[in-house]
Amino acid sequence: MAEELARIAAEVEVQEKGSRDGSARRVGVLARRLGDGLGRGGRRLGAGSRGGLRMLTERLMDAAPRIPVRDLATLRAQHPGARTPEELADLLTAGSVRASTAVGAGAGTVAMMPVPLAMPVELASELLASAAIELKLIAELYAVYGQVPPGSARQRSYAYLAVWSERRGLDLTRPGALLALNRSAALRRQVSKRLTRSGLRKLPTLAPLLVGAVIGARVSRTDTLRLATAVRRDLYGRRPADLAYWDAASGA
């Protein structure tokens, strides 16, 4: 499950190029494979199932440290045309929005099929896939704005989960911030609440016919764009600890 989520997040890097070679379709295929895995794990994934919610929360927390995150030097090398943090953040946001939109549209298309038992599983796979895409975006935005927190990759991944669940750019540079967020019971509760709220927003994607695909694409696009806007606003408003971080990552 964690490997599938990591693959979905990695596809964002293709989406950043605005490719028309079927990359959006690949994202949808990966999300459906994720749904197959969830289906094999049981059908207790309905919106009202506490057991299903706990399962999704644990799957996401297990996957968070494995989501591939690029450092600023890699991001600048891959996007040499981005001259400022804002230009690079624009590209990352656009790629994540495209990937999230593809996931939402794919879930809606599958949900139109007359297989009621598959619907909760499809919704669950959409929730996890969208979360993986957004976690990668959050982590890389922190790099773009020079605010990568100290600590191990695992510690940072849980901190980014807190950012994802609260939908704002938390100040992760404060002493003890990562320790307080490190897989605590409070963090688990936050993640569960966010999954519940996101699930309620995505329920209309289970509408019949292609209506579900249209709604799914729109909801996923709006949610990812809104998250990116909120996080970027908060990060932009704080000075990085190293004012020369951007030039230092240029490789020049």
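Here, every reference points to the structure presented above.
Residues numbered from 1 in each chain as written. Predicted model: local features only at pLDDT ≥ 70, side-chain atom pairs only at ≥ 80, totals over all residues. Heavy atoms only, no water.

## A word on the overall build of the protein
Basically, it comes down to this: Numbering of helices and strands runs from the N terminus; a helix is a DSSP stretch of H or I covering at least four residues, while a strand is a stretch of E covering at least two. For every residue, the accessible area (1.4 Å probe, protein chains only) is compared with the maximum for its type, and the residue is labelled buried under 20%, exposed over 50%, or partly exposed between those bounds. Contacts: residue pairs with any heavy atoms within 4.5 Å of one another. Residue burial considers only the protein chains on display, and all accessible areas are found by Shrake-Rupley using a 1.4 Å probe.
In terms of regular secondary structure, the protein is built from twelve helices and zero strands. Secondary structure elements in the protein, listed N-terminal to C-terminal, are α-α-α-α-α-α-α-α-α-α-α-α. Evaluated residue by residue, the protein yields a buried proportion of 50% over its 252 residues. Counting contacts in the protein only where the partners sit at least 6 residues apart, residues at least 24 apart contribute 77% of the total. Carbon and sulfur atoms make up 56% of the accessible area of the protein, which amounts to about 11,800 Å² in all.

## Digging into the nonpolar core
This is how the line gets drawn: Among buried residues, those of type Ala, Val, Leu, Ile, Met, Phe, Trp, Tyr and Cys that are joined through side-chain atoms within 4.5 Å constitute a nonpolar core.
By size, the foremost hydrophobic cluster in this structure holds 59 residues, and its most contacted members are L60, L88, L135, Y142, L161, W164 and L172. Broken down by element, the residue count for this core peaks at 14 residues, all from helix α7 (residues 118-144).

## So, helix α10 (residues 185-202)
Our working definition: A helix is expected to reach a length of 1.5 Å times the quantity of its residues less one. By arc we mean the arc of the directions from the helix axis to the C-beta atoms, nothing more.
Between its first and last C-alpha atoms α10 spans 26 Å; for 18 residues at 1.5 Å apiece the expected length is 26 Å, and the two agree. Listed in full, the buried residues belonging to α10 are L187, V191, S192, R194, L195, S198, G199 and K202. What you see down the axis of α10 is that its buried residues fit within an arc of 165°, all on one side. Seen from the buried face of α10, the exposed residues on the opposite side, beyond 90 degrees, are R189, K193 and L200.

## Observations concerning helix α8 (residues 153-166)
An α-helix turns once every 3.6 residues. As a result, residues three or four positions apart point the same way. Across its 14 residues, α8 extends 20 Å between first and last C-alpha, which sits within 8% of the 20 Å expected from 1.5 Å per residue. When we look at burial in α8, the residues that qualify are S157, Y158, A159, Y160, L161, A162, V163, W164 and S165. Taken from the residues just after α8, R167 is the one with a positive phi, measuring 60°.

## Some thoughts on the environment of D234
Inspection of the secondary structure puts D234 in helix α11 (residues 211-236). For D234, a relative accessible area of 23% gives the class partly exposed. Expressed as a C-alpha distance, the spacing of D234 and G169, which sit 65 residues apart in the sequence, is 5.1 Å.

## Focus on the side chain of S192
Its place among the elements puts S192 in helix α10. Beyond its immediate stretch of four places on either side in the chain, S192 contacts L53 and T57.

## Looking at the environment of V219
Turning to its location among the elements, V219 is positioned in helix α11. Residue V219 is classed as buried on the basis of its relative accessible area, which comes to 10%.

## Describing the pattern of salt bridges
In plain terms, the rule: Should a side-chain nitrogen of Lys or Arg be within 4 Å of a carboxyl oxygen of Asp or Glu, the pair is scored as a salt bridge.
The full count for this structure, using the stated rule, is 13 salt bridges. The closest approach of N and O atoms between E87 and R83, which form a salt bridge, is 3.1 Å. Note that R232 is salt-bridged to E86, the shortest N-O span being 2.9 Å. Taken together, the residues span a long stretch of sequence, with R232 in helix α11 and E86 in helix α6 (residues 85-111) at a distance of 146 residues.

## Details of the packing of α8 against α10
What describes two packed helices is the angle between their axes and the distance between those same axes. For clarity, the cut-off: Only C-alpha atoms enter the line fits that serve as axes; for helices the fit covers just the stretch in contact. Angles between N-to-C directions range over 0 to 180 degrees. These descriptions rest on fixed angle ranges, namely under 35 degrees for roughly parallel, over 145 for roughly antiparallel, 65 to 115 for roughly perpendicular, and the rest for oblique. Crossings are classed by handedness, with left-handed meaning an anticlockwise turn of the near helix from the far one by less than a right angle and right-handed meaning a clockwise turn. Three categories are distinguished: nonpolar for Ala, Val, Leu, Ile, Met, Phe, Trp, Tyr, Cys and Pro, charged for Asp, Glu, Lys and Arg, and polar for the others, with Gly belonging to the last.
Here α8 crosses α10 at 40°, and the two axes come no closer than 9 Å. One way to sum up the angle between α8 and α10 is to call them oblique. For the element pair α8 and α10, the recorded crossing hand is left-handed. When α8 is examined against α10, the residues Y158, L161, A162, W164, S165 and E166 are found in contact with a partner set consisting of L187, Q190, V191, R194 and L195. Of the residues belonging to the contact of α8 with α10, the class tally is seven nonpolar, two polar and two charged.

## Looking at unusual backbone geometry
Notably, R167 is not glycine yet its phi reads approximately 60°, a positive angle. As for its placement among the helices and strands, R167 is situated in the loop between α8 and α9 (177-181).

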